[in-house]
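Per-entry structural report
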Amino acid sequence: MTTSRKPLPLLLPFLLLLPLAACELPRGSRPDLDEMVRSRPLAVPGAPVLWEIVRLELTKAGLRMDEEKTIEEEGVFETRWVEDLAPYRFRGIRSKVVGRIVPEEDAPGRYRVYLSTWVQRNADLEEPLDSRRAIWQDVERDEPRSRRLLYLIERHFRSGAGAGGSQAAQDEVPPFLQVP
């Protein structure tokens, strides 16, 4: 009777790729537009200008664009995970922003930006400060953060904003950012 040991070498490449699967977006590849927060239609001089503003505001918010998953031709962008580990179970979190830039079909030169902020928490009990051993679990999406990021992007394209614009237009604060 001969015993074959070939299944283990065949499984080895898949076992090596398993940790990489944990770094991908949870629940599928990308969220639907209906699941994302959307901007108002933005009158933009050109798509490259909007892309630069999106990159600028995400960078200012402490997020780095994931160049491998960002495809400008398809209007898709994604940031890298930002980790904030804590010494207690379920206190450490990580977040990333996924978005799309979509041209308005009925209005040339106008675009909408769609954003979704994904959040996961670390369920590792043994070593919660070791990101390599983290056990990430999905939690609710951070819609308020997505709305704040959209506001920061939209403000660049408001009428009256920028050089020569009125101070009132620049100082206008949306209701979700106002403190009661």
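Scroll up for the structure.
The notes below deal with the structure included here. (Residues numbered from 1 in each chain as written. Predicted model: local features only at pLDDT ≥ 70, side-chain atom pairs only at ≥ 80, totals over all residues. Heavy atoms only, no water.)

Turning next to the overall build of the chain. Each helix and strand in the chain was counted, giving 4 helices and 7 strands. The secondary structure elements of the chain, listed N-terminal to C-terminal, are α-β-β-α-β-β-β-β-β-α-α. Out of the 180 residues belonging to the chain, those deemed buried represent 37%. Taking as baseline every contact in the chain between residues at least 6 positions apart, the subset at least 24 positions apart corresponds to 58%. Working note: accessible area of the chain is about 11,900 Å², and carbon and sulfur atoms make up 54% of it. (Helix = DSSP H or I, 4+ residues; strand = E, 2+ residues; numbered from the N terminus. Buried < 20%, exposed > 50% of the residue type's maximum accessible area, 1.4 Å probe, protein only. Contact = heavy atoms within 4.5 Å. Areas by Shrake-Rupley, 256 points an atom, 1.4 Å probe, with all protein chains shown as cover.)

Moving on: the environment of Asp32. Positionally, Asp32 belongs in the loop between α1 (7-21) and β1 (37-38). We classify Asp32 as partly exposed; its relative accessible area is 48%. Separated by 67 residues in sequence, Asp32 and Gly99 place their C-alpha atoms 9.9 Å apart.

Moving on to the packing of aromatic side chains. What the rule picks out here adds up to 1 aromatic pair. Ring geometry for Trp51 versus Phe77: centroids 5.8 Å apart, planes at 80 degrees, classification edge-to-face. Of this pair, Trp51 sits in helix α2 (residues 47-60) while Phe77 sits in strand β3 (residues 76-78), and the two are 26 residues apart along the sequence. Judged by relative accessible area, which is 4%, Trp51 ranks as buried. When its relative accessible area of 0% is taken as the criterion, Phe77 is described as buried. One cation-aromatic arrangement involves Arg94 over Trp81; the distance from NZ or CZ to the ring centre is 4.0 Å. Above the face of the Trp118 ring, Arg141 is positioned so that its terminal group lies 4.1 Å from the ring centre. (Phe/Tyr/Trp six-rings, centres within 6.5 Å; stacked < 30°, edge-to-face > 60°. Lys NZ or Arg CZ within 6 Å of the ring centre and 35° of its normal.)

Here we come to the nonpolar core. In terms of nonpolar packing, the biggest core is built from 20 residues, with Leu50, Val54, Leu58, Phe77, Ile101, Val113 and Leu115 touching the most fellow members. Contributions of two or more residues to this core are made by α2, β5 (93-103), β6 (110-122) and α3 (143-154). Considering every element that reaches this core, the biggest residue donor is α2, with 5 residues. Ignoring any residue separated from it by four or fewer positions in sequence, one finds Leu58 in contact with Leu63, Met65, Phe77, Thr79, Val97 and Leu149. (Core = buried A, V, L, I, M, F, W, Y, C linked by side-chain atoms within 4.5 Å.)

Time to look at α3. Between the first and last C-alpha of α3 there are 16 Å, a value that for 12 residues agrees with the 16 Å anticipated at 1.5 Å per step. Among all positions in α3, only Arg145, Ser146, Leu149, Leu150, Tyr151, Ile153 and Glu154 are buried. For α3, the elements touching its buried residues are β1, β2 (42-43), α2, β5 and β6. With a side-chain oxygen lying 3.2 Å from the backbone nitrogen of Arg145, the N-terminal cap of α3 falls on Asp142. (Expected span 1.5 Å × (residues − 1). Polar contact = N/O pair within 3.5 Å; in protein donor to acceptor, adjacent residues only side chain to side chain.)

Moving on, we get to the side chain of Glu78. If you trace the backbone, Glu78 turns up in strand β3. A polar contact of 2.6 Å, which involves the side chain of Glu78, links it to the side chain of Lys96.

Our next topic: α2. Taking 1.5 Å per residue as the helical rise, α2 with its 14 residues ought to reach 20 Å, and the 20 Å between its terminal C-alpha atoms agrees with that figure. By the burial criterion, the buried members of α2 are Leu50, Trp51, Ile53, Val54, Arg55, Glu57 and Leu58. Among the structural elements, β2, β3, β5, β6 and α3 are those in contact with the buried residues of α2. Positive phi appears at Gly62, one or two residues downstream of α2, with a value of about 85 degrees.

Moving on: the side chain of Ser39. As for its placement among the helices and strands, Ser39 is situated in the loop between β1 and β2. From its side chain, Ser39 meets the backbone nitrogen of Val113 in a polar contact 2.8 Å long. With residues near it in sequence (within four places) discarded, Ser39 still touches Tyr111, Arg112, Val113, Leu150 and Glu154.

Functional significance is not addressed by these values, which are geometric in nature.
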